[in-house]
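Summary of the model geometry
Each chain is listed here by its residues.
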Amino acid sequence: MNVVEANGAKIPAIGLGTMTLQGEVCVGAVKTALQLGYRHVDTAERYNNEAEVGEGLHQGLRAAGLRREDVFVTTKVYHDKLAADDFQRSFDESLTKLKLPWVDLLLIHWPNPKIPLAETLAVLCKAKRDGRAKHVGVANFTTALLEEAVRLADEPLVTNQIEVHPFLDQGKVLAACRSHGLAVTAYCPPARGKIAGNETLERIGRAHGKSASQIALRYLVQQGIIPIPRTANPAHLAANLAIFDFSLTDDEMAEVEALRQPGTRVVNPPHAPKWDD
Ligand SMILES: NC(=O)c1ccc[n+]([C@@H]2O[C@H](COP(=O)([O-])OP(=O)(O)OC[C@H]3O[C@@H](n4cnc5c(N)ncnc54)[C@H](OP(=O)(O)O)[C@@H]3O)[C@@H](O)[C@H]2O)c1
């Protein structure tokens, strides 16, 4: 599996998103993903599926003959739990549910202006020093919040997990991440299914024997962005991994980039920060 290196972390270049996956569907998706070759799984306290993700992980490790160290596991602490004690408790519960002594990456799920960022970063960075998170990072941070976080954190932040897909212009925050050596993890890389059927992506796909969804994922990995598409469908799981055996030309990359349009953000809850775009 290709990796993206960022501030000391080696992050597998594509991961499995698990939001909304529940019960046996979730266990089966994670296990199948590992058997197919995935080495990166994304969950969060908020997804209410860490027990199932952990079960799928442990089953998948056994079935595929892998060691725990071979798979990169991310979880997150939600924005209503960013005060130090709440954060600590939430992360303890996550590890218990996952049945893991440590995760590879722990993220602040969303910023919360009501809790001082310094307080949250102190407990986040302590999780790294305690060895319970190999790496730490943030999600849904804007350029301004990222500048503040990088200044306040006393451990390197390795990624900012944000919405990225061909329809959304994230140029400013991508540049800010790069300037501080952070990777970008792309959530909603197939824009929750809106990619399929796009004429340009379908046409480029036909030229490579790939689907529109695969073109969208390839467009991201070719820029060093780490997509975490979610699916429990075995055919889609396999398709989303089959993006490392071809390249998009410069002209094709430019054509995909030209699909950017205002108003295409998929995830924009009331607690979202004021975005850069
Ligand atoms: N940090 C955050 O705030 C945040 C926010 C949102 C998401 N996330 C993370 O990012 C992950 C991905 O985002 P998401 O779950 O919101 O949605 P998503 O990955 O954009 O979309 C999931 C949809 O894409 C479809 N899909 C996936 N692969 C496909 C393929 N090869 N061909 C056709 N359709 C395909 C799936 O359909 P099928 O089920 O039919 O395959 C599913 O309906 C989440 O699961 C979560 O881990 C993080």
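Look above for the structure.
Residues numbered from 1 in each chain as written. Predicted model: local features only at pLDDT ≥ 70, side-chain atom pairs only at ≥ 80, totals over all residues. Heavy atoms only, no water.

Comments concerning the state of the cysteines
Inclusion rule: Cysteine sulfur atoms are paired as a disulfide whenever they come within 2.5 Å of each other.
Applying the stated criterion across every chain yields a total of zero disulfides. The structure places no disulfide on Cys-125, whose sulfur is separated from the nearest cysteine sulfur, that of Cys-177, by 16 Å. With no disulfide of its own, Cys-188 has Cys-177 as its nearest cysteine by sulfur position, at a separation of 16 Å.

Brief notes about the site of the ligand
Condition: Note on terminology: near, applied to a residue and a molecule or strand, indicates that one of the residue's heavy atoms is within 4 Å of it. Two N or O atoms form a polar contact when they lie within 3.5 Å of each other; inside protein one atom must be a possible hydrogen donor and the other a possible acceptor, and for residues adjacent in sequence the pair counts only when both atoms belong to side chains. Asp, Glu, Lys and Arg are counted as charged, while Ala, Val, Leu, Ile, Met, Phe, Trp, Tyr, Cys and Pro are counted as nonpolar; the rest, among them Gly, fall into the polar class.
Taken together, 26 residues sit near the ligand, with Asp-42, Arg-192, Thr-231, His-236 and Asn-240 positioned nearest. Interatomic distance of 3.0 Å between a side-chain N/O atom of Gln-161 and a nitrogen atom of the ligand. Within the side chain of His-236, one N or O atom sits 2.5 Å away from an oxygen atom of the ligand. Split by residue class, the shell around the ligand holds 11 nonpolar, 11 polar and four charged.

Things to note about the pairing of strand E6 (residues 103-108)
Operational definition: When a residue's accessible area, from a 1.4 Å probe over protein chains only, is under 20% of the maximum for its type it is buried; when over 50% it is exposed; and in between it is partly exposed. To qualify as a helix, a DSSP run of H or I must reach at least 4 residues; to qualify as a strand, a run of E must reach at least 2; elements of each kind are numbered from the N terminus. For two strands to be treated as a pair, DSSP must find no fewer than two bridges joining them. Clockwise travel from the first strand over the helix to the second, with the strands pointing away from the viewer, marks a crossover as right-handed.
Of all six residues that make up E6, six are buried, and the element is covered over most of its length. Where strand E5 (residues 72-77) lies against E6, four bridges are found, and the strand directions are parallel. Bridge assignment links Thr-74 to a residue of E6, and that residue is Leu-105. In this view, the connection linking E5 to its parallel neighbour E6 by way of helix H3 (residues 84-98) has right-handed handedness. Two strands pair when backbone bridges link them, and E6 and strand E7 (residues 133-139) are joined in this way by five bridges, in the parallel orientation. Each bridged residue has a counterpart across the sheet, and for Leu-107 the counterpart in E7 is Gly-137. With helix H4 (residues 117-129) bridging E6 and the parallel E7, this β-α-β connection has right-handed handedness.

Digging into the nonpolar core
So the rule is basically this: Remark: nonpolar core denotes a set of buried residues (Ala, Val, Leu, Ile, Met, Phe, Trp, Tyr, Cys) joined through side-chain atoms within 4.5 Å. Pairs of residues are marked as contacts when any of their non-hydrogen atoms sit within 4.5 Å.
In terms of nonpolar packing, the biggest core is built from 71 residues, with Val-103, Leu-106, Ile-108 and Leu-157 touching the most fellow members. In terms of residue count, helix H8 (residues 212-221) provides more of this core than any other element does, seven residues in total. Leave out the neighbours within four places in its chain, and Leu-157 touches Asn-7, Leu-121, Leu-124, Val-136, Gly-137, Val-138, Ala-149, Val-150 and Leu-182. With 12 residues, the next largest nonpolar core counts Val-4, Ala-6, Ala-9 and Ala-183 among its residues.

Quick notes on the pattern of salt bridges
For clarity, the threshold we go by: Here, a salt bridge means any Lys or Arg side-chain nitrogen found within 4 Å of an Asp or Glu carboxyl oxygen.
Throughout the structure, instances matching the rule amount to 16 salt bridges. Note that Asp-42 is salt-bridged to Lys-76, the shortest N-O span being 2.6 Å. With Asp-42 in strand E4 (residues 40-42) and Lys-76 in strand E5, this residue pair connects regions lying 34 residues apart in the sequence. The class of Lys-76 is buried, set by a relative accessible area of 0%. Among the ionic pairs, Arg-68 bridges to Asp-104, the shortest N-O distance being 2.8 Å. In this pair, Arg-68 is assigned in the loop between helix H2 (50-64) and E5 and Asp-104 in strand E6, connecting sequence segments 36 residues apart.

Quick look at the pairing of strand E9 (residues 183-187)
The buried fraction of E9 is high, at five of five residues. Side chains Ala-183, Thr-185 and Tyr-187 of E9 all project onto a buried face; the interleaved residues Val-184 and Ala-186 project onto the opposite face, where all are buried too. In terms of strand pairing, strand E8 (residues 157-163) meets E9 through five bridges, oriented parallel. If you follow Glu-163 over to E9, its bridge partner there is Tyr-187.

Some details on the sheet that holds E9
In any sheet, the strands associate via hydrogen bonds between backbone groups, in a parallel or an antiparallel arrangement. Taking strand neighbours across the sheet as the criterion, the eight strands line up as E3-E4-E5-E6-E7-E8-E9-E10 in an open arrangement whose pairing is parallel. Pairing within the sheet leaves two strands with one partner each, and these edge strands are strand E3 (16-17) and strand E10 (226-227).

So, the environment of Ala-83
Relative to the assigned elements, Ala-83 resides in the loop between E5 and H3. The exposure class of Ala-83 is partly exposed, given its relative accessible area of 22%. C-alpha of Ala-83 to C-alpha of Leu-117: the two residues are 34 residues apart in sequence and 9.2 Å apart in space. Excluding its chain neighbours within four sequence positions, the residues that come into contact with Ala-83 are Ile-115 and Glu-119.

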